[in-house]
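Spelled out from the first residue to the last, the chains are:
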Amino acid sequence: MAMSFDPFSQLDRFAASVLDSVRAPRLMPVDLFRDGDRYVLHADLPGIDPGSIDVDLDGGQLTIRAQRTADSREGVRWLARERGAGSFLRQFSLGDGVDLDAISASYESGVLSVIIPVSEKAKPRKIEVESSDNRQSIAA
């Protein structure tokens, strides 16, 4: 396998590895949209052990945590090592218009899906308009 040597990219990788030594939680990219009577959140977590994924709800705060462990093969010479390891964290504040008791989550093909149903009180509804004309005709 032929790989070219670019001193600037190597310097960037070295600087990133030194600055990354703090091991701050990594950000996970998400898509969030409303589909009818539910919100759908998709979070990219490729290479994550499903057992390390933790979805918590504390009041109106939804927290997603996950862990990717580094490949620790002994006796190999790494030519490239760009897949980050460490913890991932994302938090969302949920409003009053969601059903906190019915939130569900699933993980498939590196994507965590969280379904957040809209509460009954927040769903659109039709309100009947009464008039004095309607009441008189009913009473007659």
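First, a word on what this report is: a plain description of the structure on this page. (Residues numbered from 1 in each chain as written. Predicted model: local features only at pLDDT ≥ 70, side-chain atom pairs only at ≥ 80, totals over all residues. Heavy atoms only, no water.)

## Let's talk about the overall build of the protein chain
Looking only at helices and strands, the protein chain has two helices and seven strands in total. Each helix and strand of the protein chain, ordered N terminal to C terminal, gives the series α-β-β-β-β-β-β-β-α. Every one of the 140 residues in the protein chain was classed for burial, and the buried ones make up 19%. A separation threshold of at least 6 residues defines the contact pool for the protein chain, and within that pool the share at least 24 residues apart is 52%. Of the roughly 10,700 Å² of accessible surface on the protein chain, a fraction of 51% belongs to carbon and sulfur atoms. (Helix = DSSP H or I, 4+ residues; strand = E, 2+ residues; numbered from the N terminus. Buried < 20%, exposed > 50% of the residue type's maximum accessible area, 1.4 Å probe, protein only. Contact = heavy atoms within 4.5 Å. Areas by Shrake-Rupley, 256 points an atom, 1.4 Å probe, with all protein chains shown as cover.)

## What about the packing of aromatic side chains?
Taken as a whole and judged by the stated rule, the model has zero aromatic pairs. Of note, Arg81 hangs over the ring of Trp78, and the distance from its end group to the ring centre comes to 4.2 Å. (Phe/Tyr/Trp six-rings, centres within 6.5 Å; stacked < 30°, edge-to-face > 60°. Lys NZ or Arg CZ within 6 Å of the ring centre and 35° of its normal.)

## Focus: the pattern of salt bridges
Under the criterion given, the structure shown has three salt bridges. With its nearest N and O atoms 3.4 Å apart, the salt bridge here joins Asp35 to Arg38. Owing to a relative accessible area of 34%, Arg38 belongs among the partly exposed residues under this scheme. Between Asp71 and Arg73 there is a salt bridge, and its shortest N-O distance comes to 2.6 Å. The class of Asp71 is partly exposed, set by a relative accessible area of 32%. (Salt bridge = Lys/Arg side-chain N within 4 Å of Asp/Glu carboxyl O.)

## Quick word on unusual backbone geometry
A positive phi is found at Ser109, a non-glycine position, where the angle reads about 55°. By the secondary structure assignment, Ser109 is in the loop between β6 (104-108) and β7 (111-117).

## Here we look at the nonpolar core
Counting residues in hydrophobic clusters, the biggest one holds 16 residues, and the most contacted among them are Leu45, Ile64, Leu112 and Val114. Those elements that provide at least two residues to this core are β2 (38-44), β4 (61-68), β5 (86-93) and β7. (Core = buried A, V, L, I, M, F, W, Y, C linked by side-chain atoms within 4.5 Å.)

## Some words on the sheet that holds β7
Spatially, β1-β2-β7-β6 is the arrangement adopted by the four strands of the open sheet, whose pairing is antiparallel. Bordering the open sheet on either side are β1 (30-35) and β6, each of which pairs with just one other strand. Sheet twist, expressed as the mean angle between neighbouring strand axes with direction ignored, is 15°. (Pairing = 2+ DSSP bridges. Axes fitted to C-alpha atoms, helices over the stretch in contact; angles between N-to-C directions.)

## Thoughts on the sheet that holds strand β3 (residues 54-58)
Here three strands make up an open sheet; going across it, the order is β3-β4-β5 and the pairing antiparallel. If you trace the sheet from one side to the other, it starts and ends with β3 and β5, each paired once. Within the sheet, the average angular offset between the axes of one strand and its neighbour, ignoring direction, is 15°. When β3 meets β4, the two strands line up antiparallel, connected through five bridges. The partner of Leu57 across the bridge, within β4, is Leu62.

## Some details on the side chain of Ser113
With respect to the helices and strands, the residue Ser113 is situated in strand β7. Judged by relative accessible area, which is 15%, Ser113 ranks as buried. A polar contact is formed between the side chain of Ser113 and the side chain of His42, at a distance of 2.9 Å. Those residues in contact with Ser113 that lie beyond four places of it in its chain are Leu41, His42, Ser104, Ala105 and Ser106. (Polar contact = N/O pair within 3.5 Å; in protein donor to acceptor, adjacent residues only side chain to side chain.)

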